[in-house]
There are 2 protein chains.
Amino acid sequence: MTRPTTRSPDVILARTRELTTPPLRAATDGLHPSLARVCAYHFGWCDRYGSPRRGAVPSKMVRAATALLAAEAAGGEHREPAAVPGAVAVELLHNFTLLHDDVLDEDKLRRGRPTAWVVFGSGLAVLAGDALTAAAARTLADIGTDAGHRALAILLECFAALCDGEADDLDLSRPTTVEDYLRMSAGKTGSLLAASAAIGATLASGDDRLVGGLRSACLAAALAWQAANDVEDIWGWGDPAVTGKPAFGDLRQRKVTLPVLAAARSGTPAGDEIAALLAATADDPPWDVAHIARLIEKAGGRAYAEQLARDQLITAHRELDRVGIPDPAKSELASLFRLIVTRTF
Amino acid sequence: MTRPTTRSPDVILARTRELTTPPLRAATDGLHPSLARVCAYHFGWCDRYGSPRRGAVPSKMVRAATALLAAEAAGGEHREPAAVPGAVAVELLHNFTLLHDDVLDEDKLRRGRPTAWVVFGSGLAVLAGDALTAAAARTLADIGTDAGHRALAILLECFAALCDGEADDLDLSRPTTVEDYLRMSAGKTGSLLAASAAIGATLASGDDRLVGGLRSACLAAALAWQAANDVEDIWGWGDPAVTGKPAFGDLRQRKVTLPVLAAARSGTPAGDEIAALLAATADDPPWDVAHIARLIEKAGGRAYAEQLARDQLITAHRELDRVGIPDPAKSELASLFRLIVTRTF
């Protein structure tokens, strides 16, 4: 059975959920009952009491979709099933980072709901994250083929890179440079998206050159995604009730993200004012988020981040071209990248 | 070069440290600098500022020693080097559990020093633990042989069991049964010691029957070890400055350990008094640790735990006999088990 045309991202994501959700739920249901409950809540499948939750906004599963599309890119449409354990593993690993990062960053809201540590305590949230990393690795170890072992090695390398990225993030509580920030984005957002593609392609027996090209494309797409997220987090593009994020969220938490850093080094009067605010301690002068957001915009910080997102998206598409990914996989990956950066279908 | 005689446990442990410490340090030194510092402090190699620490009490590395002895048991003395990555991996995984458990249980002292989360904050301590699990798995993935892949699968299975064991432990804040407690000990102490032996033997190409026998022996030894630790934690057998543990430590924290549970179900007046105290809330009646320790002893809780330790130690030795582990590996494993349970050489 072949697909005659290129699918739209919503069709791709729906298909990804259809293939990935059952084994993902089986993996978390198999955990210790206390941890299975935390995970079912965190993934949005149940409420805090374990009752099925209707009308929940499902995770987009971008990383799983990337793994499945990379398998198609490497071996054709019929290779998609081989990559399902890879899609499951990267979603498990991704959700480990969410569970732990929410504890570490003391974030209280995710997808419009209280975070798992707020509901269940930080002990169970940390432990549920630990259990997800074990489950992620076991999902690939259980394949038992050479390709499975290679995919597991990629996952473990990514796991280590995610820890490094979060360590950078913890160090980032004080101002740093645009370059440091991009390195951190590469470590956190980039390494997982790149690993998703590499794992999918490896499970479909893709060659090294193709895996390398997919990795570079995903790294660029991830930098674009992070920059777009930073812009969204300050200026939003939707109702906080839908995005699940309060307006000026990062600014309220004094997170120093890309638009802030770009503004602070702009050499403009608005940028100098931001730099001075970042250097000041505590609430003196007062931290007025709406005012700071205007300053960042005036200093060109927003424009810088938006331009970087556009440039990196173009780089990602060029990489897919360069290594000769065949259609429809190439167009579908490109449209998935466009979706996560621009949120338009 | 062959060894003419059976070595004493202190010689075995010194040899283990000699073989295991350099690759262990290389693994933690390779982490993000912020995490490498937490690990160097946690392992006792450095003070909190990163300066080398003299006169530190080194970790006994019982799990690494078990892995190396299991390799000898499976393949003879010359197989020891093949098991070194296994010894490193189990120590990395063990120290992940220590870092995370100290955060989850809010324990403030370990080996006589403030725990890592007290010094560096719980965020960095959790993240350092995460990084150690990644490093543990990568140490075995890097071997790249079939035996390496099998050893990695054992490590990952153990990682999942440790998460389950800690989840049981978190559930154990209220009284439960002796049987629940033994299941938790099997999950926490037992699974790691059993995995250490299984990984060592697998890397030395041991057959399934031998690996199974070593696992059972280690599981019994670990139950004995946990029971002996529980007794030590209440009544001690040394200076708190040397053991690094305050007297009545578990009782002060109202941890319901084996001697407490055995006492509470003894049907004696002292046991009934303990059961009533466990059912009471907060400080009403007052929680007098010295008085409770006397009650536990009177109700036979201490004797029960000591007898269980002796019985399980005998079971462990019988298992080594049953699967026909050759000497000197058999005698050396037996003496290592005796050491960890009785603390006598």
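This is a predicted model, so every value here is computed, not measured.

K.L.:
Account for the overall build of chain A, naming residues and giving values.
P.N.:
Each helix and strand in chain A was counted, giving 16 helices and two strands. The C-alpha radius of gyration of chain A comes to 20 Å, within 12% of the 20 Å expected for a compact globule of 345 residues. With the C-alpha coordinates of chain A rotated into their principal frame, the extents come out at 60 × 50 × 35 Å. The 345 residues of chain A split such that 56% are buried.

K.L.:
Quick rundown of the nonpolar core? Include the residues and the values.
P.N.:
Grouped together as the largest cluster of nonpolar side chains are 248 residues, with contacts concentrated most on L155(A), F337(A), L155(B) and F337(B). Once you skip the residues sitting within four places of it in the chain, F337(A) turns out to touch L193(A), A217(A), C218(A), A221(A), L313(A), A316(A), H317(A) and L320(A).

K.L.:
I'd like to hear about the side chain of E72(B), residue by residue, with values.
P.N.:
Looking at the secondary structure, you find E72(B) in helix α3 (residues 62–75). Of the polar contacts made by the side chain of E72(B), one reaches the side chain of R7(B); its length is 3.4 Å.

K.L.:
Before we move on, can you summarise the interface of chain B and chain A with the specific residues and values?
P.N.:
Counting residues at the interface gives 31 residues for chain B and 31 residues for chain A. For the pair chain B and chain A, the summed buried area comes to about 2,500 Å², and 74% of that belongs to carbon and sulfur atoms. If you look at where chain B meets chain A, you find zero salt bridges. Joining chain B to chain A, the criterion identifies six residue pairs in polar contact (both at pLDDT 80 or more). For the side of chain B that touches chain A, the elements supplying multiple residues, two or more each, are α2 (33–42), α4 (84–105), α6 (122–141) and α7 (146–171) of chain B.

K.L.:
I'd like to hear about the packing of helix α4 (residues 84–104) of chain A against helix α6 (residues 122–141) of chain A, residue by residue, with values.
P.N.:
Packed helix pairs are characterised by how far apart their axes lie and by the angle those axes make with each other. All names here are of chain A. Look at α4 against α6: their axes get within 8 Å of each other, and the N-to-C directions meet at 160°. It follows from the interaxial angle that α4 and α6 lie roughly antiparallel. In the crossing of α4 with α6, the sense of the turn from one axis to the other is left-handed. Where α4 abuts α6, its residues P85, G86, V88, A89, L92, L93, N95, F96, L99, H100 and V103 lie against S122, A125, V126, A128, G129, D130, L132, T133, A135, A136, T139 and L140. Tallied by class, residues from the contact of α4 with α6 come to 15 nonpolar, seven polar and one charged.

K.L.:
For unusual backbone geometry, give the residues involved together with the corresponding values.
P.N.:
Residue and element names in this part refer to chain A. D327 connects to P328 through a cis peptide bond whose omega is 5°. In this structure, P328 sits in the loop between α15 (301–322) and α16 (329–342). For E106, which is not glycine, the phi dihedral falls at a positive 55°. The topology assignment puts E106 in the loop between α4 and β1 (109–110).

K.L.:
Quick rundown of helix α9 (residues 208–235) of chain A? Include the residues and the values.
P.N.:
Counted at 1.5 Å a residue, the expected span for α9(A) with its 28 residues is 40 Å, and the 40 Å between its end C-alpha atoms agrees. Two residues or fewer past α9(A), G236(A) is found with a positive phi of approximately 65°.

K.L.:
Requested: an account of the packing of aromatic side chains, with residues and values cited.
P.N.:
Residues and elements named next belong to chain B. Counted according to the given criterion, the structure contains six aromatic pairs over all chains. Taking 4.5 Å as the distance between ring centres and 5° as the angle between the ring planes, the aromatic pair formed by F43 and W45 counts as stacked. Given a relative accessible area of 14%, W45 falls into the buried group. On the basis of an interplanar angle of 80° and a centroid distance of 5.3 Å, the ring pair of F96 and F159 is categorised as edge-to-face. Here F96 is found in helix α4, whereas its partner F159 is found in helix α7, with 63 residues between them in sequence. The exposure class assigned to F96 is buried, which follows from its relative accessible area of 4%.

Scoring rules and cut-offs
- Residues numbered from 1 in each chain as written.
- Chains lettered and ligands numbered in written order.
- Predicted model: local features only at pLDDT ≥ 70, side-chain atom pairs only at ≥ 80, totals over all residues.
- Heavy atoms only, no water.
- Helix = DSSP H or I, 4+ residues; strand = E, 2+ residues; numbered from the N terminus.
- Rg over C-alpha atoms; globule rule 2.2 N^0.38 Å.
- Buried < 20%, exposed > 50% of the residue type's maximum accessible area, 1.4 Å probe, protein only.
- Core = buried A, V, L, I, M, F, W, Y, C linked by side-chain atoms within 4.5 Å.
- Contact = heavy atoms within 4.5 Å.
- Polar contact = N/O pair within 3.5 Å; in protein donor to acceptor, adjacent residues only side chain to side chain.
- Buried area = accessible area lost by both parts, 1.4 Å probe.
- Salt bridge = Lys/Arg side-chain N within 4 Å of Asp/Glu carboxyl O.
- Axes fitted to C-alpha atoms, helices over the stretch in contact; angles between N-to-C directions.
- Parallel < 35°, antiparallel > 145°, perpendicular 65-115°, else oblique.
- Left-handed = near helix turned anticlockwise from the far one by under 90°.
- Nonpolar A, V, L, I, M, F, W, Y, C, P; charged D, E, K, R; others polar.
- Expected span 1.5 Å × (residues − 1).
- Phe/Tyr/Trp six-rings, centres within 6.5 Å; stacked < 30°, edge-to-face > 60°.

This is a description of form; function is not addressed.
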